[in-house]
Amino acid sequence: MEQLSTEGLRASYEAALRHSDPLTDRISTDQFSHRYPENPGWAVGPFTRDESLTFRPQGQWEDPTRIGWTSSSVFNPSLIVEGDALHMFYRASPRKESTASRIGLATYTAGNGWSDSSANPIVFPTTDDELLSCEDPKVYRTDDGYVLFYNGIWHAAGSAEAEEFPSPGYPITSLGCDIKVATSTDLVHWEKRGLAVPYEISRLWAKGAVIPRDLNGRAIRIGGEYLMYLSEGCGGRSFVGRSQDLVSWSFAEQPYLDLSALGGTLLEVSCAVTDHGDTGSIVLDFFYRDASGEFAAAQALYDIDAPFTQRALNRGGSLSWGGLVRYDGSILFAQGWDAPSGVREMYLYREALA
């Protein structure tokens with residue numbers, strides 16, 4: 001694995017400034033969540049943008065790596081409610097969907113609007129497996145504080161790790177993607193705790209860190225333990241993790257999602273909601289390619305005491321990578337995909353009240 005260095009960080013940043021992907025550039029939140037072909041009572045959504053909650057960060061953060069880093073896009077956030085405040089952890093990138101990302105925190109209160117934390121970036125590259133990026137935060141409340149999962153990106157092709165952990169079922173052609181974990185007692189200062197998913201499981205690429213979470217942001221125990229749904233990577237196999245503290249995890253292969261009724265292929269699970277309507281259920285929100293090859297979203301229903309036995313499917317979903325919250329009387333999520341090129345805006349979407 002390439003060692004973290006100022007030169008490596010600068011090269012990563014310069015590459016990110018040249019990034020462009022016509023495929024992801026055309027993604028719109030509304031195409032997934034604004035309307036569903038059908039709307040069963042258990043499904044979460046559809047959603048409509050609440051313009052009054054739009055977040056617009058001002059200025060650029062001080063760059064702790066001293067390479068002149070700046071951002072032009074904010075997206076893939078995670079929301080959590082604390083008292084009367086809404087906290088948003090978000091990915092800031094030199095270009096939309098580029099690497100060389102950092103993670104920031106902003107807080108909203110009624111009457112005062114949004115304020116960006118003076119501590120930003122709260123997560124930035126400090127270890128070798130974060131050389132290329134720290135991105136896509138997912139935050140959970142626990143009895144003792146907060147746990148944050150994020151992706152660390154690094155050069156995997158040709159590495160010693162690629163030789164030791166081959167991945168024929170999910171070929172690693174360039175980058176490695178690690179699920180990292182950090183803990184905090186105040187949402188601002190975070191202690192990095194290392195890998196959540198070992199290479200024996202991830203095969204150098206894992207995404208997910210999707211843990212059943214209530215609408216206040218609390219991770220929910222099922223059968224006395226926390227569960228983590230992994231989706232993208234892991235050698236092309238389906239794994240579920242188990243933990244007592246959200247930091248140390250064990251993993252076993254466990255199928256949990258059958259898309260045959262929809263057609264297509266799973267890309268990534270985005271979130272798992274536990275207390276929408278029927279509190280005895282889990283709704284798994286996920287991203288997939290449909291039978292025609294187009295990006296799509298859907299949701300799957302489970303009983304909370306049978307979290308791998310799928311009961312129903314429905315097309316349409318939030319694709320809220322950091323989870324949904326209930327705030328000011330309705331369910332919210334946030335996403336920055338629809339911001340114009342070079343404009344740092346994050347839009348919040350509300351589920352229509354019944």
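Note that the coordinates shown come from a computational prediction; the quantities given were computed from them, not determined experimentally. (Residues numbered from 1 in each chain as written. Predicted model: local features only at pLDDT ≥ 70, side-chain atom pairs only at ≥ 80, totals over all residues. Heavy atoms only, no water.)

**Q** Would you mind going over the overall build of the protein with me for this structure?
**A** Secondary structure assignment for the protein yields five helices and 19 strands. The C-alpha atoms of the protein give 19 Å as radius of gyration, which agrees with the globular expectation for 354 residues (20 Å, within 12%). The principal-axis extent of the C-alpha atoms belonging to the protein is close to 55 × 50 × 45 Å. For the protein, buried positions account for 58% of its 354 residues. Put simply, of all contacts in the protein between residues at least 6 apart along the chain, 59% involve residues at least 24 apart. (Helix = DSSP H or I, 4+ residues; strand = E, 2+ residues; numbered from the N terminus. Rg over C-alpha atoms; globule rule 2.2 N^0.38 Å. Buried < 20%, exposed > 50% of the residue type's maximum accessible area, 1.4 Å probe, protein only. Contact = heavy atoms within 4.5 Å.)

**Q** Looking at this structure, how should I read the side chain of Ser-330?
**A** Counting through the fold element by element, Ser-330 comes out in strand S18 (residues 330-335). At 2.5 Å, the side chain of Ser-330 forms a polar contact with the side chain of Arg-350. (Polar contact = N/O pair within 3.5 Å; in protein donor to acceptor, adjacent residues only side chain to side chain.)

**Q** I'm lost on the sheet that holds strand S4 (residues 102-109) in this one. Help?
**A** Through backbone hydrogen bonds, the strands of a sheet pair up, either in parallel or in antiparallel fashion. Strand order in the open sheet formed by four strands is S2-S3-S4-S5, with antiparallel pairing between adjacent strands. Only two strands of the sheet have a single partner each, and these edge strands are strand S2 (73-82) and strand S5 (113-116). Each strand of the sheet is rotated relative to its neighbour by a mean of 25°, with strand direction disregarded. Across eight bridges, the pairing between S2 and strand S3 (residues 85-93) is antiparallel. Bridging across to S3, Val-81 finds its partner in Leu-86. (Pairing = 2+ DSSP bridges. Axes fitted to C-alpha atoms, helices over the stretch in contact; angles between N-to-C directions.)

**Q** Sorry, what's going on with the sheet that holds strand S8 (residues 175-184) here?
**A** The strand order across the open sheet built from four strands is S6-S7-S8-S9, with neighbouring strands paired in antiparallel fashion. Because the sheet does not close on itself, it has two edges, and the strands there are strand S6 (133-141) and strand S9 (191-195). Going across the sheet, the axis of each strand differs from the next one's by a mean of 25°, ignoring polarity. Pairing of strand S7 (residues 146-155) with S8 involves 10 bridges; the strand directions are antiparallel.

**Q** I keep staring at the nonpolar core and nothing clicks. Help me out?
**A** Nonpolar side chains tend to gather and get buried jointly when the protein is soluble and globular. Ranked by internal contacts, the top residues of the largest apolar core, which has 30 residues, are Leu-79, Leu-86, Tyr-90, Trp-114, Leu-332 and Leu-348. Only helix H1 (6-17), S2, S3, S4, strand S17 (325-327) and S18 provide two or more residues apiece to this core. With four residues, S3 is the largest single contributor of residues to this core. Apart from the residues within four sequence positions on either side, Trp-114 is in contact with Leu-53, Thr-54, Phe-55, Leu-86, Met-88, Ala-106, Thr-107, Tyr-108 and Leu-348. Membership of the second largest hydrophobic core comes to 21 residues, among which are Phe-149, Val-181, Met-228 and Trp-249. (Core = buried A, V, L, I, M, F, W, Y, C linked by side-chain atoms within 4.5 Å.)

**Q** Explain the pairing of S5 here, please?
**A** Two faces, one strand: in a regular strand the side chains alternate between the faces of the sheet. Relative to S5, S4 runs antiparallel, the two sharing four bridges. By the bridge assignment, Ala-106 is partnered in S5 with Asp-116. What sits between the antiparallel neighbours S4 and S5 is a turn of three residues, in which Gly-111 has the positive phi angle 95°.

**Q** Teacher, can you tell me more about unusual backbone geometry here?
**A** A negative phi angle characterises most non-glycine residues, just as the trans form characterises most peptide bonds. The step from Gly-45 to Pro-46 runs through a cis peptide bond, and the omega angle for that step is 0°. Structurally, Pro-46 is set in the loop between helix H3 (30-33) and strand S1 (47-49). The step from Asn-120 to Pro-121 runs through a cis peptide bond, and the omega angle for that step is -5°. In this fold, Pro-121 is placed in the loop between S5 and S6. Although it is not a glycine, Asp-136 sits at a positive phi angle of roughly 55°.

**Q** How should the environment of Gln-254 be read in this particular structure?
**A** Looking at the element boundaries, Gln-254 is found in the loop between strand S12 (250-253) and strand S13 (265-273). Taking C-alpha positions, Gln-254 is 37 Å from Thr-107, a pair spaced 147 residues apart along the chain. Once you skip the residues sitting within four places of it in the chain, Gln-254 turns out to touch Ser-238, Phe-239, Val-240 and Phe-308.

**Q** What exactly am I supposed to notice about the pattern of salt bridges here?
**A** Charged atoms that come close allow side chains of opposite charge to pair. With the rule as written, the count across this model stands at 15 salt bridges. Here Arg-242 ties to Glu-225 by a salt bridge, and the two come within 2.9 Å at their closest N and O atoms. Of this pair, Arg-242 sits in strand S11 (residues 239-243) while Glu-225 sits in the loop between helix H5 (199-202) and strand S10 (226-229), placing them 17 residues apart in sequence. Residue classification places Arg-242 among the partly exposed positions, given a relative accessible area of 28%. Put simply, Asp-303 and Arg-311 hold a salt bridge, and the shortest N to O gap is 2.7 Å. (Salt bridge = Lys/Arg side-chain N within 4 Å of Asp/Glu carboxyl O.)

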